[in-house]
Structures are given as C-alpha cells and as structure tokens.
Amino acid sequence: MARGHTLFGMSEQRLAVDYGTSNTVAVLRRPDASTRPLLFDGSPLLPSAVFAESDGRLLVGQDAERGARLDPARFESNPKRRINDLEVLLGERAYSMVDLVAATLRRVAGEAARVAGGPLADVTITCPAEWGQARRRVLID
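Residues numbered from 1 in each chain as written. Predicted model: local features only at pLDDT ≥ 70, side-chain atom pairs only at ≥ 80, totals over all residues. Heavy atoms only, no water.

Participant: Can you break down the pattern of salt bridges residue by residue, with the values?
Facilitator: Per the counting criterion, the structure on display carries 8 salt bridges. In this structure, the salt-bridge partner of Asp41 is Arg107, at a minimum N-O distance of 3.5 Å. Linking Asp41 in the loop between strand 3 (35–37) and strand 4 (46–47) with Arg107 in helix 2 (residues 97–116), this pair joins segments that are 66 residues apart in sequence. For Asp41, a relative accessible area of 42% corresponds to the partly exposed category. When salt bridges that share partners are traced, they join Glu76, Arg82 and Asp85 into one network. (Salt bridge = Lys/Arg side-chain N within 4 Å of Asp/Glu carboxyl O. Helix = DSSP H or I, 4+ residues; strand = E, 2+ residues; numbered from the N terminus. Buried < 20%, exposed > 50% of the residue type's maximum accessible area, 1.4 Å probe, protein only.)

Okay, structure coming up:
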C-alpha cells in the first residue's frame with residue numbers, strides 16, 4: 001500500500017482508493033470510523049477505462065466504455081497495464097500515463113468531495129507491493 005498525498009485539505013473524513021487494472025474502487029471513512037463505498041453510476045466499481053474525445057477531453061468509467069463503441073481507437077480499457085509507458089496513443093493524440101490515471105482519480109476525488117460534503121483529511125492510494133518508484137510516481141503525480 002502506498003500512502004497518498006492529501007488532495008483536498010483538512011477534515012475528519014478519509015479516502016482509500018484502489019486504482020485497479022479493470023476497475024477502481026474507493027471507500028470513504030467517516031469520523032466515527034464507519035465506512036462507505038463511493039458509487040459511480042450506481043456501482044461501487046468505476047471502470048478504469050479512458051476514452052479521448054475529439055477535443056482532447058478524457059472520459060472515464062462507463063462514459064469511456066460508451067465512447068469506445070463510437071471510436072475504439074480513442075479507447076484504453078486497462079490503462080494500469082500500460083503504467084510503464086510514457087505515453088499512450090488515443091486516436092490521433094498521445095496522452096501521458098499521468099494524464100490517464102489522473103482522469104480516473106479526478107472522477108473519484110470529485111465524487112468523494114461531493115459525498116463528504118467538502119474537503120478530506122487524507123487520501124490513500126493502493127498499489128502492488130512489488131511496484132518500484134517509477135510506477136508509484138505515476139500514481140502520486
């Protein structure tokens with residue numbers, strides 16, 4: 001498990017995120033130590049998939065999967081498998097791995113802030129124990 005950097009500021013609520021190969025999951029821990037999984041489109045599983053729209057904007061989750069039906073060349077179903085790549089070509093444009101991971105994590109952060117009603121005290125992002133600094137750096141960045 002890699003300890004994350006604070007993304008939101010200070011409060012008593014904490015967020016744990018597992019950025020997975022196929023899906024990302026996140027759990028909010030409240031001040032009373034109760035936990036609540038975040039839901040994305042009604043599911044605790046947010047597909048880690050990314051789709052690049054023609055204007056360069058990145059869609060994630062089910063939105064990305066829907067976009068793939070229209071233009072599969074702009075779609076990456078499992079960005080985590082490409083974590084060693086510096087860039088990934090989606091359509092006609094190359095995106096950094098940091099941008100692809102960040103798109104998914106931004107979606108998680110937005111939902112966490114909405115559910116928590118404001119900033120969080122701490123964010124932890126898991127990663128495989130065998131990951132070295134370069135791979136961990138992509139998650140941190």
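After that view, the rundown keeps rolling.
Participant: Describe unusual backbone geometry, and please don't skip the residues or the numbers.
Facilitator: A positive phi angle is found at Ala33, which is not glycine, with a value near 75°. In this structure, Ala33 sits in the loop between strand 2 (23–29) and strand 3. The phi torsion at Asp41 lies on the positive side, around 55°, for a residue other than glycine.

Participant: Could you give an account of the pairing of strand 10 (residues 122–126), naming the residues involved and the relevant values?
Facilitator: Summarising burial for strand 10: 4 of the 5 residues are buried, a large majority. Where strand 1 (residues 14–19) meets strand 10, 5 bridges bridge the pair, whose relative direction is parallel. Bridge assignment links Val17 to a residue of strand 10, and that residue is Ile125. (Pairing = 2+ DSSP bridges.)

Participant: Lay out the nonpolar core in plain terms, naming residues and giving numbers.
Facilitator: Judged by nonpolar contacts, the single largest core of 32 residues is most densely connected at Leu15, Leu38, Leu58, Leu90, Leu100, Val101 and Val108. Take this core: its biggest share by element is 9 residues, from helix 2. Discounting residues that sit within four places of it in the chain, Leu90 has contacts with Val50, Ala52, Leu58, Ala73, Arg74, Phe75, Glu76, Tyr95 and Leu100. (Core = buried A, V, L, I, M, F, W, Y, C linked by side-chain atoms within 4.5 Å. Contact = heavy atoms within 4.5 Å.)

Participant: Account for the confidence of the model for the protein, naming residues and giving values.
Facilitator: The share of residues in the protein with pLDDT of 70 or more is 92%, and the mean pLDDT across the chain is 90. When the criterion is pLDDT under 50, residues 1–10 qualifies, and its contacts beyond four places in sequence or with other chains add up to 32 contacts. (pLDDT = per-residue confidence, 0-100.)

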